[in-house]
Structure formats: structure tokens, C-alpha cells
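Observations on the three-dimensional arrangement
Chain residues, written in single-letter form:
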Amino acid sequence: MTVRTRVAPSPTGDPHVGTAYTALFNYCVARHAGGQFILRIEDTDVARSNPQSQAAILESLRWLGLEWDEGPDVGGPHGPYQQSLRSETYRTYAAQLLEQGHAFRCFCTPERLEQLRSAQQRAGVRPGYDGRCLELSPAEAETLRANSTPFVVRMRVPREGICVVNDLLRGRIEIGWETVDMQVLLKQDGMPTYHLANVVDDRLMEITHVIRGEEWISSAPKHILLYNYFGWPVPALCHLPLLRNPDKSKLSKRRNPTSILYYRRMGYLPEALVNYLGLMAWSMPDGEEKFTLAQMAGKFDLKRISLGGPVFDIKKLTWLNGRWLRENLSDEEFAERVQEWALNRDYLMRIVPLVKSRVSLLSELGPLTAFFLSGDLNLNPKDFDDKKMSRDVICKAFAQVLAGLDELVTWNKEAITAVLKQSADAFQFKLRDFLRPFYVAVAGSTTSTPLFDSMEILGRDLCRVRLRRALELLQTARPATTDAEVD
Ligand code: GLU
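Residues numbered from 1 in each chain as written. Predicted model: local features only at pLDDT ≥ 70, side-chain atom pairs only at ≥ 80, totals over all residues. Heavy atoms only, no water.

1. Quick word on the overall build of the protein chain
What the protein chain contains, in helices and strands, is 19 helices and nine strands. Taking the principal axes of the C-alpha coordinates as reference, the protein chain spans close to 80 × 55 × 40 Å. Taken across its 487 residues, the protein chain has 49% of its residues classed as buried. Here the contacts in the protein chain between residues at least 6 apart in sequence split such that 75% fall between residues at least 24 apart. Summing over all exposed atoms, the protein chain offers an accessible surface of approximately 23500 Å²; the carbon and sulfur share of this is 51%. With 61 positive and 60 negative side-chain charges, the protein chain shows a separation of 2 Å between the mean positions of the two kinds. (Helix = DSSP H or I, 4+ residues; strand = E, 2+ residues; numbered from the N terminus. Buried < 20%, exposed > 50% of the residue type's maximum accessible area, 1.4 Å probe, protein only. Contact = heavy atoms within 4.5 Å. Areas by Shrake-Rupley, 256 points an atom, 1.4 Å probe, with all protein chains shown as cover. Lys, Arg positive; Asp, Glu negative; His and termini not counted. Charge placed at Lys NZ, Arg CZ, Asp CG, Glu CD.)

2. Notes on the packing of helix 15 (residues 391-407) against helix 17 (residues 431-443)
It is at 10 Å that the axes of helix 15 and helix 17 come closest, and there the two elements cross at 75°. Between helix 15 and helix 17, the angle falls in the class roughly perpendicular. Between helix 15 and helix 17, the residues in contact are Ile394, Ala397, Phe398 and Val401 and Phe434, Pro437, Phe438 and Ala441, respectively. Its residues assigned to classes, the contact of helix 15 with helix 17 comprises eight nonpolar, no polar and no charged. (Axes fitted to C-alpha atoms, helices over the stretch in contact; angles between N-to-C directions. Parallel < 35°, antiparallel > 145°, perpendicular 65-115°, else oblique. Nonpolar A, V, L, I, M, F, W, Y, C, P; charged D, E, K, R; others polar.)

3. Remarks on the sheet that holds strand 7 (residues 184-186)
Reading across the sheet, the three strands line up as 3-4-7 and stay open at both edges, with antiparallel pairing between neighbours. Sheet topology places strand 3 (103-106) and strand 7 at the edges, where each strand pairs with a single neighbour. Pairwise comparison of adjacent strand axes, ignoring direction, gives a mean angle of 45° for this sheet. The sheet contact formed by strand 3 and strand 4 (residues 152-155) spans four bridges and is antiparallel. Looking across to strand 4, one finds that Arg105 is bridged to Val153. (Pairing = 2+ DSSP bridges.)

4. Topic: the site of the ligand
The environment of the ligand is made up of Arg6, Ala8, Ser10, Glu42, Tyr194, Asn198, Arg212 and Trp216. Residue Glu42 places a side-chain N or O atom 2.6 Å away from a nitrogen atom belonging to the ligand. Interatomic distance of 2.9 Å between a side-chain N/O atom of Arg212 and an oxygen atom of the ligand. Here the ligand, which alone exposes 290 Å², has 83% of that area covered by the protein. Taken together, the residues of the shell around the ligand break down into three nonpolar, two polar and three charged. (Near = heavy atom within 4 Å. Polar contact = N/O pair within 3.5 Å; in protein donor to acceptor, adjacent residues only side chain to side chain.)

5. Quick word on a negative patch on the surface
Together, Asp331, Glu332, Glu333, Glu336 and Glu340 line one region of the surface with negative charge. Looking at the secondary structure, you find Glu336 in helix 12 (residues 331-341). When its relative accessible area of 42% is taken as the criterion, Glu336 is described as partly exposed. (Patch = residues over 30% accessible without salt bridge, like charges linked within 9 Å, V, L, I, M, F, W, Y side chains within 5 Å. Salt bridge = Lys/Arg side-chain N within 4 Å of Asp/Glu carboxyl O.)

6. What about the pattern of salt bridges?
By the definition in use, this model includes 35 salt bridges. With its nearest N and O atoms 2.7 Å apart, the salt bridge here joins Glu70 to Arg4. With Glu70 in the loop between helix 2 (51-63) and helix 3 (87-99) and Arg4 in strand 1 (residues 4-7), the pair connects residues that are 66 residues apart, well separated along the chain. On the basis of relative accessibility, which here comes to 5%, the residue Glu70 falls in the buried class.

7. Side note on the packing of helix 13 (residues 345-355) against helix 18 (residues 451-458)
Taken N-terminus to C-terminus, the directions of helix 13 and helix 18 make an angle of 175°; their axes are 10 Å apart at the nearest point. Between helix 13 and helix 18, the angle falls in the class roughly antiparallel. Of the residues in helix 18, those touching helix 13 at Tyr347, Arg350, Ile351 and Leu354 are Asp453, Ser454, Glu456, Ile457 and Leu458. A breakdown of the residues in the contact of helix 13 with helix 18 according to their chemical character gives five nonpolar, one polar and three charged.

8. What about the environment of Ala424?
Tracing the backbone through its elements, the reader meets Ala424 in helix 16 (residues 413-426). Ala424 gets classed as buried once you look at its relative accessible area, which sits at 1%.

9. Observations regarding unusual backbone geometry
With an omega dihedral of -5°, the bond running from Gly79 to Pro80 counts as a cis peptide bond. Residue position: Pro80 is located in the loop between helix 2 and helix 3. A positive phi is found at Ser148, a non-glycine position, where the angle reads about 55°. For Ser148, the position within the fold is in the loop between helix 5 (138-146) and strand 4.

10. Quick notes on helix 9 (residues 270-279)
In terms of burial, helix 9 is largely enclosed, as nine of its ten residues are buried. Of the residues making up helix 9, those classed as buried are Pro270, Ala272, Leu273, Val274, Asn275, Tyr276, Leu277, Gly278 and Leu279. Looking at the buried positions of helix 9, the neighbouring elements they touch are helix 1 (17-32), helix 2, helix 8 (260-266), helix 10 (293-299), helix 11 (314-328) and helix 12. Of the residues flanking the end of helix 9, it is Ala281, one or two places downstream, whose phi is positive at about 70°.

11. Points about the environment of Gly79
Of note, Gly79 is situated in the loop between helix 2 and helix 3. Here Gly79 falls in the partly exposed class, since its relative accessible area comes to 37%. Residues Gly79 and Ile41, spaced 38 residues apart in sequence, show a C-alpha to C-alpha distance of 11 Å.

Structure representation (C-alpha cells):
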């Protein structure tokens, strides 16, 4: 049997380090066994998926060196590798389940489902579909269909008994069927949900090992049931421990930057990030902490995964990155990496139009553009002291603008300007006054190059992290003495 693994991200946001972590372990399992590693894009959530996110996922996984054998860009014998292009296939399989009585049409309106949910909440019982449309006679269901009543397709789920999930890392997991909802498989618009598309694709793409985050354990019974309904063998299941913040909470961008592109922008080496992700939940047999992707794949063994929540600790990652920089790069290679990173003509040409009119000496460029070549700006709460805006208002403004920036699919000057202008209006400030603390947070000073252009050039990852850090700094700082002076 050829081992085939896959990573199946949903393109709904920034490329997440958790995706890289899952991809890495799938990659190693496949490479170690001489098998194949597949990239599949799970974009059935049409409203939230976007091509920019998909492109960023491909770019960042490739930057990390996690090359896939089959995928949306490289093709392969089981394509297309993008679920939105496969909806006909899912409909065929849903029809099969309907025909065999493993699934049913549910005509319940969103209002009824909402009422049901609130009633269940009030009664303190587990929320879930109550099976009303299972009671419909074939004639009733046919009449509703003939009248074009909208419906979804749900799977039948046993109401009692136990589902046994055999997990490669955790062994036997027992989940009571009464905890499993009658999952929607096909939505009203005919698009599949994750569960149907995922099972059908894993089968059609001949995936032998499904390796994913532990948050999917509770979905495993639905998947196992679908495999059984279709009469297909269940692939090996393996749920990786979730990455955690140092306080052990689930890794989230509120606490830690989670976008892979942020780490690239900060000047982490792909070798170091991959190496660090390899240390999450895994270790080399000889205990060596620094290793290459090829070394990890060569020695890989799922049995060496430990289930304790792996902590993604930026300090440790930075330490490891330092080792890679110092120990593995010749001066020549170091210089090349710096050029690739930011000290290159392309980047300079983006900055020149902003600085040319502001200098009288070339040597003024250094201080003026330092923030374009920096990571954290090491600011002090006092740097934000402002006659017109109290710290409290600045914090609120930062939070609101951050929320707006998080939503931007396209990162450019126009979009950034719109977010900031809207907030300035909402706070009833003149734009010029409103922008001052943003200059400080993003560029370190109120006298820097124009803010919107600078933000576009710095990029979404760095800008948002700088704003978030500034917000944290002000929230944890003691009240400003100037607050009293604010009118
Ligand atoms: N699309 C799912 C995700 O975004 C994939 C989960 C799985 O690997 O089955 O994590």
C-alpha cells in the first residue's frame, strides 16, 4: 500500500502556523514511507473562502519547503484539488445516501431550527436536530419537494450505542452516538458541508492516513459512519495535539501572531520555523533540537508524538532561529537571505517615492526608514501621550481599527485609508488628529513617511501585530499623567 497523506486547509484567512504544523506531520509520514503528500483546498464555505487566502496558503507552505505531490496548482490524477470545483461529485454521493436511506431531506426552516435550539438551551439539553423530518412519509416529502420547499440533506445517525474511534495516537476513543448530531451533508444551495466533502475526497484521493488537529475528534464518528454507509474502509485516523499559547490556551492570534507570513516578514528562516514546528509534539530519537526537514522525515515515527499540549513559544523559536542564522549560513548566504528578506531593490523602490521629497542627505535614509526594516519597535507608553486623545480612547481606536483591518481581504492603501477614515468619523476626530497614535504604533514616530502608504508597504502581518502590541502596551501601562490634561 502506498501511504498517501494530505493537508486540507480552508482558505478563509491568513495562512496559519497550525496549518503548517499539520502539513509538516503529514509530509513527514508520507516522505518517510516513500508515499505521497497531497494539498487539498477545502473551500466549500463559499462566503468565507477567498482566492487571496488560498494563494497565501500555497505560498507559505511552499516557502517552508513542504512541497506537495498533488495539489490545485501542480495537478495530479485525482483532481481537481479544490472542493468548490467538485460539487457535482458530492451531489452524486449525497443522492446515493438518500436513495439508500442513510440520509434524508430536511425541510425545517431556519426559524424552526432556531426555536428548537433556544428550547434545548432553556431545557439544558444538548443542542441538535430532533429528527422531525425523519417522520415525514415519502408522500409528504414528495409534496414538499414538488412545491419547491427548500431543503438540506442530513445524515441519519444512530440515537444510541457507542462509536469507537481508533486513533493512531490515542488508541480507542468511545463516543456515544447520542452526542452526534444529524449532520447536514448538503446545504440548501446544493453545496456540501465539510463532512461529506472531506470523506468523499479522502476516499477518491486514496488517502490512507488522515492526520489532523485534535479539534476534529468529535467529527470522527460522523466520518466513520459515512465511510460505513458508502461501504468504504476507514483510513487510519490520527489527531495531533493542538498548538497552545504559553498559558496553555489554544493558540490564537489575540495572544500570538499566527500567520506564517508574519514570521517570514519578521525575518525567521523557513528552516527554523519548520524545525520549531517539528519540536511541537515530536522529538528526534537522539534528542537533538536542531534538525532539517529531510532529517525529520528520515527519522519520522508517529509513535514519538507526545500528547501533552505543545506550546508555541516565540522566544524559543527566536532562539532557534538565531542558531540557524549563526551556525548554518556562511557570510555570503547570510547576505543572500537578508536580500531576499527586505534589503533588495524591489523593496527599496517601494519606499523611495515616500522618502525622496523628505531628505536632503542620503544619510538621512537610515533613521527615516528604520521602521521598514524592523520587527517590533520597542515603544514606551509615553510615546503615545497625546494632547487630544486619552489612552483610553487610543486603545478603543486601536481595537476598532484592528477589527476593521482583520477583515480586509485586499491589503492596499485605499482599503487601509477607508478603515481608518471610518474609525476617525466614528470617534468624531479630525483624521489628522486621529492618525497620530497610529503613526507611533506602526512607524514609531509621528513624523514618519505617510501612514497609509507605509502601512501598505509594511504589509498586513507586521502592521497588525504592531498595532496589537501597541494596544497591549497601553492596556497594561499605568494611566498616563497627561490624561488629566485631556479635554
Ligand atoms: N478543512 C479542515 C480544516 O480547515 C480540514 C480538517 C481535516 O483535515 O479533515 O482544518
